[in-house]
Amino acid sequence: MFAVVFAKLFPTLFIGCDLSSSSFFFLPPWWEYLKGAPDELGQCSPAVNFPHVILPVGLALLDIMIRLAGFVAIISIIIAGVAYITSSGDPTKAASARKRIYNSLIGLAIVFIAAAVVAFIGNSLLS
Amino acid sequence: MAQKLKKIIIVLCSGLLISGYLLPSVAFADAQAITPGAPGGPPAITGTDCNVANPTATTLNSCVKHNVIIQDLNVIVNILGAVVGVVVTGVIILGGIQYSMAGDSPDAVGKAKKRITNGLIALAAFFLTYAFLQWIIPGGVFS
């Protein structure tokens, strides 16, 4: 999500050897936006120099959190849908399931608005 | 107990962050202060002595710009800006996740709202700090 903003902000971070971008359960690794450097074994490992990696690593963590939020919201909506189906005419159960769906959608909206604001500010810093 | 643990972790992290940055930078700044005008260091101050009896606005401004403490402050605030931006967005995203997991209980929704409000308060506090530094240092240091 932040990759385009980031490549424009720090073009020098993208020069280097190719890091293997393995993902675990659709989640990106924390070195997603770091450049690779050959280590003493000759393998490509992420280059970490302290004050400059705060932003890349932080943005990678935010990326992970956005995907987690998507999973959580979808699972919550599925649970609420099952509760709605099995409410069998009980008004309180149906209202509870509806409330759960509303809350998961509101949570998802908050997450995406926060991410969009960060991307917008990053883009406006460039020009 | 959990509150205490949180406080200890925050103090440890900020201490590590500050010491990890400050210690090398202070040594670096000293080396620069000995030889102004050296390659890679700040440009030499010509004709502007900070101890002159009647400093003009120009000499005072140059004096402030070449102050080692203010140059370090600039870098620290820039790093802090990156940290605050990432952490505040992370807190708001966490609040969103909490909102999604709240189900239909108003208590959990209230907790999520409180988390998001606290994140926004932290952002406002950082901007106030930034504005205060900009105001108190003559000439506006942060470019």
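Scoring rules and cut-offs
The numbering scheme is per chain: residues are counted from 1 as the chain's sequence reads. Chains carry letters from A onward and ligands carry numbers from 1 onward, assigned in written order. Since the coordinates come from a predicted model, pLDDT governs what is reported: local features require at least 70, and pairs of side-chain atoms require 80 or more to be given and counted, while whole-chain, interface and lining totals use all residues. With C-beta atoms placed from the backbone, a contact is any residue pair whose C-beta atoms sit within 7 Å. Note on conventions: DSSP H or I runs of at least 4 residues are helices, E runs of at least 2 residues are strands, and numbering of each starts at the N terminus. Gly falls in the polar group here, along with every residue not listed as nonpolar (Ala, Val, Leu, Ile, Met, Phe, Trp, Tyr, Cys, Pro) or charged (Asp, Glu, Lys, Arg). On a range of 0 to 100, pLDDT expresses the predictor's confidence in each residue. To form a nonpolar core, buried Ala, Val, Leu, Ile, Met, Phe, Trp, Tyr and Cys residues must be joined through C-beta atoms within 7 Å. The burial label depends on the number of other C-beta atoms within 10 Å of a residue's C-beta. Counts of 20 or more mean buried, 12 or fewer mean exposed, and intermediate counts mean partly exposed, with C-beta atoms placed from the backbone.

Each side of the interface is counted separately: chain A has 27 residues, and chain B has 21 residues. Looking at the side of chain A that touches chain B, the elements with two or more residues in it are helix H2 (54–85) and helix H3 (91–126) of chain A. For the side of chain A that touches chain B, the element with the highest residue contribution is H2(A), accounting for 13 residues. Each residue belonging to the side of chain A that touches chain B can be placed in one class, and the counts come to 19 nonpolar, six polar and two charged.

Regions with low pLDDT carry predicted coordinates that are not meant to be interpreted in detail. In the predicted model, chain A carries a mean pLDDT of 81, and 83% of its residues have values of at least 70. Mean pLDDT per element in chain A: helix H1 (residues 3–9) of chain A is the minimum at 60, and H2(A) is the maximum at 90.

What follows covers the nonpolar core. Buried together is how nonpolar side chains tend to be arranged in soluble globular proteins. Of all hydrophobic cores here, the largest spans 26 residues; its most connected members are Ile66(A), Ala69(A), Val111(A), Ala114(A) and Ile93(B). Residue contributions to this core peak at 10 residues, all from H2(A).

The next thing to look at is the confidence of the model for chain B. Residues and elements named next belong to chain B. Taken over all residues, the pLDDT of chain B has a mean of 73, while the share at 70 or more is 59%. In the model of chain B, helix H1 (residues 2–34) stands out as the element of lowest mean pLDDT, 54, in contrast to helix H4 (residues 106–136), which has the highest, 90. Interface predicted TM-score (ipTM) for the complex: 0.76; the corresponding pTM is 0.67.

To continue, consider unusual backbone geometry. At Ser88(A), a residue that is not glycine, the phi angle is positive and equals roughly 50°. As for its placement among the helices and strands, Ser88(A) is situated in the loop between H2 and H3.

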